[in-house]
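Commentary on secondary and tertiary structure
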Amino acid sequence: MIGLEILQHLNRRGISFTDIANALKITPAAVSQVAHRKSDSKRIARALCIALNKPMEEVFPDRPQYHYHPNPKKRQQLLDAVRDLNAA
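Presented here is a report on the structure given in the accompanying data block. Everything numeric here is computed off the predicted structure, so don't read it as measured data. (Residues numbered from 1 in each chain as written. Predicted model: local features only at pLDDT ≥ 70, side-chain atom pairs only at ≥ 80, totals over all residues. Heavy atoms only, no water.)

**Brief notes about the pattern of salt bridges**
- Taken as a whole and judged by the stated rule, the model has 5 salt bridges.
- With a closest N to O distance of 2.9 Å, Asp40 and Arg63 form a salt bridge. With a gap of 23 residues between them, Asp40 in the loop between helix H3 (28–35) and helix H4 (42–52) and Arg63 in the loop between helix H5 (56–59) and helix H6 (72–87) connect regions that are remote in the sequence.
- According to the relative accessible area criterion, Asp40 is partly exposed, its value standing at 48%.
- With a relative accessible area of 16%, Arg63 lands in the buried category.
- Among the charged side chains, a salt-bridge network with shared partners connects Arg37, Asp40, Asp62 and Arg63. (Salt bridge = Lys/Arg side-chain N within 4 Å of Asp/Glu carboxyl O. Helix = DSSP H or I, 4+ residues; strand = E, 2+ residues; numbered from the N terminus. Buried < 20%, exposed > 50% of the residue type's maximum accessible area, 1.4 Å probe, protein only.)

Have a look at this one:
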């Protein structure tokens with residue numbers, strides 16, 4: 001999604017850049033800059049995605065640094081820990 005699309009989708013949900021900025025205690029300009037790809041902030045991008053109820057990959061497909069890439073080793077460690085709980 002481009003910045004204008006993000007703004008339009010937010011407006012349809014009754015949410016503004018100012019609302020998101022107030023929730024994050026930042027300026028509306030900072031939110032706008034991230035939405036319009038003039039600045040990078042995973043925190044602000046995540047807030048926009050939550051407000052839009054859309055995944056990061058859909059809203060920011062051009063920003064792979066925002067996307068979640070699970071670590072296979074860490075995933076396996078977590079699954080092993082869960083199995084250990086079952087054995088106890």
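Still more to cover.
**Examining the nonpolar core**
- Among the nonpolar cores identified, the biggest contains 21 residues, and Ile6, Leu10, Ile20, Leu48 and Phe60 are the most heavily contacted of them.
- Looking at this core, the elements with two or more residues in it are helix H1 (3–12), helix H2 (17–24), H3, H4 and H5.
- Sort the elements by how many residues they give to this core and H4 lands first, with 7 residues.
- Those residues in contact with Leu48 that lie beyond four places of it in its chain are Ile6, Leu10, Phe17, Ile20, Val31, Val34, Ala35 and Phe60. (Core = buried A, V, L, I, M, F, W, Y, C linked by side-chain atoms within 4.5 Å. Contact = heavy atoms within 4.5 Å.)

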